Amino acid sequence: MKVKIRKGDTVEVISGRLEDKGKRGEVINVILDDRRVVVQGVNIRIKHQKQVQAGNRQMNPGRIELEGTIDISNVMLVCPKCSEPTRVGVQRDDEGAHRVCKNCEATID
Ligand SMILES: [Zn+2]
């Protein structure tokens, strides 16, 4: 199956980690080979940065929040027209293929 989600799309998490369910965010990366996406604010992993000593200077320890990847089947595209999570259809015309919202039938591209 072809991946119909692209960078910059807004998606809603429909399954997966409970704390992420229902969250919406912008797709910031698509890993086509693995069929996984990175969504802003979803699947946050907290990395604790160790205190580093550089010469006489002590750098502050910190927490870095990073989004982990999630499976593309766990998200649905949110239609920019009707704001509903929707399945995506494809419509072809002279200019090529366009993504279409199966909910309101708006062209998404
Ligand atoms: Zn729609």
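An account of the accompanying structure is given in this report. (Residues numbered from 1 in each chain as written. Predicted model: local features only at pLDDT ≥ 70, side-chain atom pairs only at ≥ 80, totals over all residues. Heavy atoms only, no water.)

## Points about the coordination of the zinc ion
Under perfect tetrahedral coordination by four donors, a metal shows angles of 109.5 degrees; under perfect octahedral coordination by six donors, it shows angles of 90 or 180 degrees.
Here is step 1 of the chain: Listed as protein donors to the zinc ion are Cys79 (SG), Cys82 (SG), Cys101 (SG) and Cys104 (SG); their distances from the metal cover 2.2 to 2.3 Å.
Here is step 2 of the chain: Geometry at the zinc ion is tetrahedral, judged from the 4 donor atoms that bind it and their angles of 104 to 115° at the metal.
Here is step 3 of the chain: Sequence positions of the residues that donate to the zinc ion give the spacing C-x2-C-x18-C-x2-C.
Here is step 4 of the chain: Relative accessible area serves as the criterion here: at 0%, cysteine 101 is assigned to the buried category.
Here is step 5 of the chain: On the accessibility criterion, cysteine 104 (34% relative accessible area) is partly exposed. (Donors = N, O, S within 2.8 Å, 3.2 Å for Na, K, Ca; no water. Tetrahedral: all angles 85-135°; square planar, octahedral: opposite > 155°, others 65-115°. Buried < 20%, exposed > 50% of the residue type's maximum accessible area, 1.4 Å probe, protein only.)

## Topic: the environment of arginine 35
Here is step 1 of the chain: Examined against the element boundaries, arginine 35 turns out to sit in the loop between strand E2 (24–31) and strand E3 (36–39).
Here is step 2 of the chain: For arginine 35, a relative accessible area of 29% corresponds to the partly exposed category.
Here is step 3 of the chain: Taking the C-alpha atoms as reference points, arginine 35 and lysine 2, 33 residues apart in sequence, are found 9.5 Å from one another. (Helix = DSSP H or I, 4+ residues; strand = E, 2+ residues; numbered from the N terminus.)

## Remarks on the side chain of glutamate 12
Here is step 1 of the chain: Here glutamate 12 shows up in strand E1 (residues 10–13).
Here is step 2 of the chain: Of the polar contacts made by the side chain of glutamate 12, one reaches the side chain of arginine 24; its length is 2.6 Å.
Here is step 3 of the chain: The contacts of glutamate 12, once residues within four sequence positions are left out, are Gly22, Lys23, Arg24, Asn74, Val75, Met76, Val78 and Pro85. (Polar contact = N/O pair within 3.5 Å; in protein donor to acceptor, adjacent residues only side chain to side chain. Contact = heavy atoms within 4.5 Å.)

## Quick word on the pattern of salt bridges
Here is step 1 of the chain: Throughout the structure, instances matching the rule amount to 7 salt bridges.
Here is step 2 of the chain: The salt bridge partner of arginine 99 is aspartate 9, with a shortest N-O separation of 2.9 Å. Placement of arginine 99 in strand E12 (residues 96–101) and of aspartate 9 in the segment before E1 is noted, with a sequence separation of 90 residues between them.
Here is step 3 of the chain: You can call arginine 99 buried: its relative accessible area is 5%.
Here is step 4 of the chain: Classification of aspartate 9 as buried rests on a relative accessible area of 11%.
Here is step 5 of the chain: Note that glutamate 65 is salt-bridged to arginine 63, the shortest N-O span being 3.3 Å.
Here is step 6 of the chain: By relative accessible area, glutamate 65 is classed as partly exposed at 47%. (Salt bridge = Lys/Arg side-chain N within 4 Å of Asp/Glu carboxyl O.)

## What to know about the environment of isoleucine 31
Here is step 1 of the chain: Relative to the assigned elements, isoleucine 31 resides in strand E2.
Here is step 2 of the chain: Sequence separation of isoleucine 31 and glutamate 12 is 19 residues, and the distance between their C-alpha atoms is 17 Å.
Here is step 3 of the chain: Sequence-distant contacts of isoleucine 31, defined by excluding residues within four places in its chain, comprise Arg36, Val38 and Thr69.

## Some points on the nonpolar core
Here is step 1 of the chain: Within the largest apolar cluster, 16 residues are counted, with the highest numbers of intra-cluster contacts made by Ile5, Val11, Val37, Val39, Ile70 and Val75.
Here is step 2 of the chain: Contributions of two or more residues to this core are made by E1, E3 and strand E9 (75–78). (Core = buried A, V, L, I, M, F, W, Y, C linked by side-chain atoms within 4.5 Å.)

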